[in-house]
Amino acid sequence: MKGQNLIILALLVLAGVIWGWRNLHSGSEQPDQTVQTPDFTASGLYSVSYDKLGQVQYRVYADQMQYYEKSQVSTFDAPRILIYPGPQKPIWQVVSRTAKAYKQELVTFQKDVVVKNLSNDGYIQDLLTPLLHVDLTQQTMDTDRKVTVVGPQYEQTGIGMHGSLTTEVVNLHQDINAVYHNEQN
């Protein structure tokens, strides 16, 4: 019995030595655990982006912004963006609690996203969702989450949505419900 205990103890010690040696030599292969720091930060941000013809494409406002050069990602706290699909005036305003912009082309708005149609004759007045992807190059907006669309005399809800910022058309994908208000004078 004593011999078996010695063999088991020797095997445990050998396993510990091998495990320690392996961890010692694989330490340099472990991913860098450091937190990436922003290359640029701004408070009270106001920025304007122009197209090739010098027309305003969008205006961005935010309480805080952090830009990371390596990944070309910007993060925003309390962002508000005014989108100009045409040269006259902004048609859409998007606000949320946070947002991330990728290469200044795709913006993901998160937490209490409200899209407001600023044109007076729009069929859509407000669009509410917890998450929204806006492609500033293609002038589109998408989500796979619950969406509430509010118009002058209706309210629609659904799951998933694709919309065009230029044509002001929004298509809900599934589980669509609508309530129409028949206000009589």
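To start, this report covers the structure provided alongside it. (Residues numbered from 1 in each chain as written. Predicted model: local features only at pLDDT ≥ 70, side-chain atom pairs only at ≥ 80, totals over all residues. Heavy atoms only, no water.)

### So, the pattern of salt bridges
Point 1. Using the criterion set out here, one finds 3 salt bridges in the structure.
Point 2. We note a salt bridge from Asp-112 to Arg-97, for which the minimum N-O separation is 2.5 Å. Of this pair, Asp-112 sits in strand E7 (residues 106–117) while Arg-97 sits in the loop between strand E5 (92–95) and strand E6 (98–102), placing them 15 residues apart in sequence.
Point 3. Accessibility expressed as a relative area gives 48% for Asp-112, which makes it partly exposed.
Point 4. Here Lys-116 and Asp-126 are joined by a salt bridge, their closest N and O atoms 2.8 Å apart. (Salt bridge = Lys/Arg side-chain N within 4 Å of Asp/Glu carboxyl O. Helix = DSSP H or I, 4+ residues; strand = E, 2+ residues; numbered from the N terminus. Buried < 20%, exposed > 50% of the residue type's maximum accessible area, 1.4 Å probe, protein only.)

### Side note on the side chain of Asp-126
Point 1. Following the sequence through the fold, Asp-126 ends up in strand E8 (residues 126–135).
Point 2. For Asp-126, a relative accessible area of 18% gives the class buried.
Point 3. In this structure the side chain of Asp-126 is engaged in a polar contact, spanning 2.8 Å, whose partner is the side chain of Lys-116.
Point 4. The residues touching Asp-126, leaving out its near neighbours within four places in the chain, are Val-115, Lys-116, Thr-148, Val-149 and Val-150. (Polar contact = N/O pair within 3.5 Å; in protein donor to acceptor, adjacent residues only side chain to side chain. Contact = heavy atoms within 4.5 Å.)

### So, the packing of aromatic side chains
Each pair of aromatic rings is reported with the distance of its centres and the angle of its planes.
Point 1. Following the criterion strictly, the structure yields 2 aromatic pairs and no others.
Point 2. For the ring pair Tyr-154 and Tyr-180, a centre distance of 6.1 Å and an interplane angle of 35° mean the geometry is tilted. Taken together, the positions of Tyr-154 in strand E10 (residues 154–164) and Tyr-180 in strand E11 (residues 169–180) put the pair 26 residues apart, joining distant regions of the chain.
Point 3. Owing to a relative accessible area of 53%, Tyr-180 belongs among the exposed residues under this scheme. (Phe/Tyr/Trp six-rings, centres within 6.5 Å; stacked < 30°, edge-to-face > 60°.)

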